[in-house]
Amino acid sequence: MDIEAIKTNCEKIKAEIPDNVKIVIAAKTRSVDELKAALAAGMSIVGENYVQEAEEIKESLGRKSNSLKWHMIGHLQTNKVKLAVEIFDMIETLDSLKLAAEIDKRAKEVNKIMPVLVEVNSGEEDQKTGLRPEKVIEFIRDISLLQNIKLSGLMTMGPRFGDPENARDFFKKTKSLFDEISALKISNVQMKYLSMGMSNTYKIAIEEGSNMIRPGSIIFGQREQS
Ligand SMILES: *Cc1c(COP(=O)(O)O)cnc(C)c1O
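Residues numbered from 1 in each chain as written. Predicted model: local features only at pLDDT ≥ 70, side-chain atom pairs only at ≥ 80, totals over all residues. Heavy atoms only, no water.

## A closer look at the overall build of the protein
So, point 1. Assigned secondary structure in the protein consists of 9 helices and 8 strands.
So, point 2. What you see for the protein is a C-alpha radius of gyration of 17 Å, in line with the 17 Å of a compact globule of 226 residues.
So, point 3. Buried positions account for 52% of the 226 residues belonging to the protein.
So, point 4. In the protein, the proportion of contacts linking residues at least 24 apart, taken out of those at least 6 apart, comes to 64%.
So, point 5. Just so you have it, the protein exposes about 10,800 Å², and 47% of that area is on carbon and sulfur atoms.
So, point 6. The positive charge centre, built from 33 side chains, and the negative charge centre, built from 34, are 4 Å apart in the protein. (Helix = DSSP H or I, 4+ residues; strand = E, 2+ residues; numbered from the N terminus. Rg over C-alpha atoms; globule rule 2.2 N^0.38 Å. Buried < 20%, exposed > 50% of the residue type's maximum accessible area, 1.4 Å probe, protein only. Contact = heavy atoms within 4.5 Å. Areas by Shrake-Rupley, 256 points an atom, 1.4 Å probe, with all protein chains shown as cover. Lys, Arg positive; Asp, Glu negative; His and termini not counted. Charge placed at Lys NZ, Arg CZ, Asp CG, Glu CD.)

## Some words on helix α3 (residues 51-61)
So, point 1. V51, A54, I57, K58 and L61 are the residues of α3 that are buried. For α3, the angular spread of buried residues about the axis comes to 130 degrees, placing them on one side. The outward face of α3, more than 90 degrees from its buried face, is lined by the exposed residues E56 and E59.
So, point 2. In the core, the buried residues of α3 are packed alongside α2 (32-40), β2 (45-48), β3 (69-72) and α4 (81-87).
So, point 3. Note on α3: the residue one or two positions beyond its end, G62, has a positive phi of about 65 degrees. (Arc of directions from axis to C-beta.)

## Focus: the site of the ligand
So, point 1. Residues in contact with the ligand amount to 14 residues; listed here are only the nearest, K28, N49, S199, G216 and S217.
So, point 2. Contact between the ligand and G216: an oxygen atom at 2.8 Å from a main-chain N or O atom of the residue.
So, point 3. About the coverage of the ligand: the protein hides 94% of its 390 Å² of free accessible area.
So, point 4. Split by residue class, the shell around the ligand holds 6 nonpolar, 4 polar and 4 charged. (Near = heavy atom within 4 Å. Polar contact = N/O pair within 3.5 Å; in protein donor to acceptor, adjacent residues only side chain to side chain. Nonpolar A, V, L, I, M, F, W, Y, C, P; charged D, E, K, R; others polar.)

## Focus: the pattern of salt bridges
So, point 1. Applying the stated criterion across every chain yields a total of 10 salt bridges.
So, point 2. Of the charged contacts, one joins E4 and K7 as a salt bridge, the two residues approaching to 3.9 Å between their closest N and O atoms. Within this pair, E4 and its partner K7 are both found in helix α1 (residues 3-16), separated by 3 residues, close to a single helical turn.
So, point 3. Its salt-bridge partner being E165, residue R168 comes within 2.9 Å of it at the nearest N-O pair.
So, point 4. When its relative accessible area of 41% is taken as the criterion, E165 is described as partly exposed. (Salt bridge = Lys/Arg side-chain N within 4 Å of Asp/Glu carboxyl O.)

Nothing here speaks to function; it is all geometry.
Here it is, written out as structure tokens:
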């Protein structure tokens, strides 16, 4: 997509959403120039699905990359955690104790407290990543004991295709889980961010309480393959 169109799309989406909602631009498969256009339009949080791709993009952006926030939004493999902890400001896709322990260990090594969101499989679909809703509270109690992880909220995908209205119930369910956990006031847990909503669903997600959205194609155009 051309650079001017990307800027226009960014301005449009920013004008549309409430001030408290953060925009994580989903950058997978996009070129550095496309990303630069979004940054020039004021975007400042970049969501990456792959650790390697994030590292390469950060390198090509040079010093500019330091003024941005980098979020891991793809499934994270244990063997990529060391690098992920170095390059990301938040990991939105925590969904196992094994991964939590590895993040904690690697963060400790570099003296970092790593902000994470727990990914909730709100649609309860077998093929999807994320924790089943009924497992989330016990999981959070467990990881709250890890000193180099800062649990900062929840993330969910919801259905990717079909009628965006189909996502509403999944977002509602995730928001009520978010509120339930907040009310528990677990120490070392700060329920600050609820990351829900992509290009086709962000409006519905915000109506249902999202304060962090992850649009990609509505900014950059359709991907060749997703
Ligand atoms: C690709 C992706 C998005 C953005 O999807 P679009 O439909 O292009 O807006 C958001 N979140 C995650 C986790 C993704 O992988």
